[in-house]
Amino acid sequence: MFEQIVAASKGKQIVMFLDYDGTLSPIVEDPDQAFMPKEMRATVRDVARYFPTAIVTGRCRDKVYSFVKLAGLYYAGSHGMDIKGPSKSCKYKKGNQGVLFQAASEFLPMIDEVYKDLVEKTKSIPGTKVENNKFCVSVHFRCVDEKSWAALAEQVRSVLNHYPKLELTQGRKVLEIRPTIKWDKGRALEFLLESLGYANSTNVLPVYIGDDRSDEDAFKVLRERGQGFGILVSKLPKETNASYSLQEPSEVKEFLKRLVDWKEMSQRAAKCA
Ligand SMILES: O=P(O)(O)OC[C@H]1O[C@H](O[C@H]2O[C@H](CO)[C@@H](O)[C@H](O)[C@H]2O)[C@H](O)[C@@H](O)[C@@H]1O
């Protein structure tokens, strides 16, 4: 896989898109404890030195920033509905990037309301955790007894019946509630490529690494564009639109390190030539 990606990048700018949970940080029981290992942070910092890099996540943007803590990156939170450019000087950044795009601002009051309703409705089911991700809400059932999963899903659906403008999708032991707008991680990827000046460019090679169903929207965009590569992080074989796979975050780190080493070496070689 590494060799193919490097070969395909000849004469092109690699742009890196990285999902957070299950990709940069191992899955843990408590979503508030999903810290990014130090070595991964250092690796992502190096990646961003050589390639425009974006974190694309279902999390609230501020929350994921509190885990990643790197200023030179793009952050697309709430499944890409909340996009911000690098906060420190960056060679790819055009002017003061600030908030670049918020796809669902009018949904904020509704999301706050549904969050409160879900907390109230699910509090009787032990282990449930409801997370407010600003433009979407996650209802976690990783710590819920399997016997109660159906009851929990039923409670969530009963709340959502009052919100026809919100929809339900499922991730890794999590029910995700989001606005029914035509926006997802795939659209966010396209938006970011455009913001970086690569809208219809053939001189770009986007690489998207992710582990969950919502990442499939981005893999699909890459496949349809016939451009770049999706890399699925999974221990098990799965139906996917990704081109390649890695088993776990530690393999993601090794792949990213290799990419940085290769870039450093080729820049050194170019200087000596
Ligand atoms: O797009 P992502 O960055 O992958 O976000 C998807 C969900 O990730 C988080 O939940 C997942 O990771 C948790 C921590 O390891 C784990 O406890 C949970 O079971 C996983 O589903 C995040 O907390 C959710 O809000 C995101 O929707």
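None of the values given here were measured: they were computed from a predicted structure.

Criteria and cut-off values
Residues numbered from 1 in each chain as written. Predicted model: local features only at pLDDT ≥ 70, side-chain atom pairs only at ≥ 80, totals over all residues. Heavy atoms only, no water. Domains from an automatic or database assignment. Contact = heavy atoms within 4.5 Å. Buried area = accessible area lost by both parts, 1.4 Å probe. Salt bridge = Lys/Arg side-chain N within 4 Å of Asp/Glu carboxyl O. Polar contact = N/O pair within 3.5 Å; in protein donor to acceptor, adjacent residues only side chain to side chain. Nonpolar A, V, L, I, M, F, W, Y, C, P; charged D, E, K, R; others polar. Helix = DSSP H or I, 4+ residues; strand = E, 2+ residues; numbered from the N terminus. Buried < 20%, exposed > 50% of the residue type's maximum accessible area, 1.4 Å probe, protein only. Pairing = 2+ DSSP bridges. Right-handed = clockwise from strand over helix to strand, strands pointing away. Axes fitted to C-alpha atoms, helices over the stretch in contact; angles between N-to-C directions.

So, on to the domain arrangement of the protein. Per the domain assignment, the segments making up the protein are domain 1 (1-103 + 183-272) and domain 2 (105-179). When each unit is reduced to the centre of its C-alpha atoms, the spacing between domain 1 and domain 2 is 27 Å. The interface of domain 1 with domain 2 comprises 22 residues on the first partner and 17 residues on the second. Buried area between domain 1 and domain 2, summed over both chains or domains, comes out near 1700 Å², and the portion from carbon and sulfur atoms is 52%. Together, Pro31, His79 and Met81 form the three largest contributors to the area buried by domain 1 at its contact with domain 2, with a combined 25%. The interface formed by domain 1 and domain 2 includes 3 salt bridges. For aspartate 211, the salt bridge goes to arginine 172, with nearest N and O atoms at 2.5 Å. Taken together, domain 1 and domain 2 are joined by 8 residue pairs in polar contact (both at pLDDT 80 or more). Residues belonging to the side of domain 1 that touches domain 2 are distributed by class as follows: 7 nonpolar, 6 polar and 9 charged.

Side chains that carry opposite charge are capable of pairing whenever their charged atoms lie near each other. Per the counting criterion, the structure on display carries 18 salt bridges. With a shortest N-O distance of 3.2 Å, aspartate 19 and lysine 185 are connected by a salt bridge. In this pair, aspartate 19 sits in the loop between strand E1 (13-18) and helix H2 (38-50) while lysine 185 sits in helix H6 (residues 185-195), placing the two residues 166 residues apart along the sequence. Lysine 185 carries the same exposure label as aspartate 19, and that label is buried. Salt bridges sharing partners connect three or more residues here, namely Asp19, Lys185 and Asp215.

Right, let's talk about the pairing of strand E11 (residues 229-233) for a bit. Taken across its 5 residues, E11 has 5 buried, putting it largely inside the fold. Residue alternation in E11 divides its side chains into two sets, Phe229, Ile231 and Val233 and Gly230 and Leu232, and both sets are buried. Both strand E10 (residues 204-210) and E11 contribute to a ladder of 4 bridges, which runs parallel. In the strand pairing of E11, isoleucine 209 is matched with isoleucine 231. Between the parallel elements E10 and E11, the chain passes through helix H7 (residues 216-225) in a crossover that is right-handed. Note: E11 against strand E12 (residues 244-246), 3 bridges, orientation parallel. In the strand pairing of E12, valine 233 is matched with leucine 246.

Within the secondary structure, aspartate 211 is located in the loop between E10 and H7. Reaching out from aspartate 211, the side chain makes a polar contact with the side chain of arginine 172 at a distance of 2.5 Å. In this structure, aspartate 211 is in contact with Asp19, Asp21, Gly22, Thr23, Ile27, Arg172, Leu232, Val233 and Lys238, ignoring residues within four places of it in sequence.

Another point: the sheet that holds strand E7 (residues 137-140). The strand order across the open sheet formed by 4 strands is E6-E7-E9-E8, and the pairing between neighbours is antiparallel. This sheet does not close on itself; its edge strands, each paired only once, are strand E6 (129-132) and strand E8 (166-171). Mean inter-strand twist for the sheet, computed between neighbouring axes without regard to direction, equals 20°. Inspection of the sheet shows E7 paired to strand E9 (residues 174-179) by 4 bridges, in the antiparallel sense. Bridged to valine 137 within E9 is isoleucine 177. Of the strands in this sheet, E6, E7, E8 and E9 touch helix H4 (residues 108-122), which is tilted by about 170° from E6. Sheet strands touched by helix H5 (residues 149-160): E7, E8 and E9. Its angle to E8, the strand with the most contacts, is close to 155°.

Along H6, the residues that are buried comprise Lys185, Gly186, Ala188, Leu189, Phe191, Leu192 and Leu193. By the N-cap criterion, in which a side-chain oxygen at the helix start approaches the backbone nitrogen of a residue two or three places on, H6 is capped by aspartate 184, the distance to glycine 186 being 2.9 Å.

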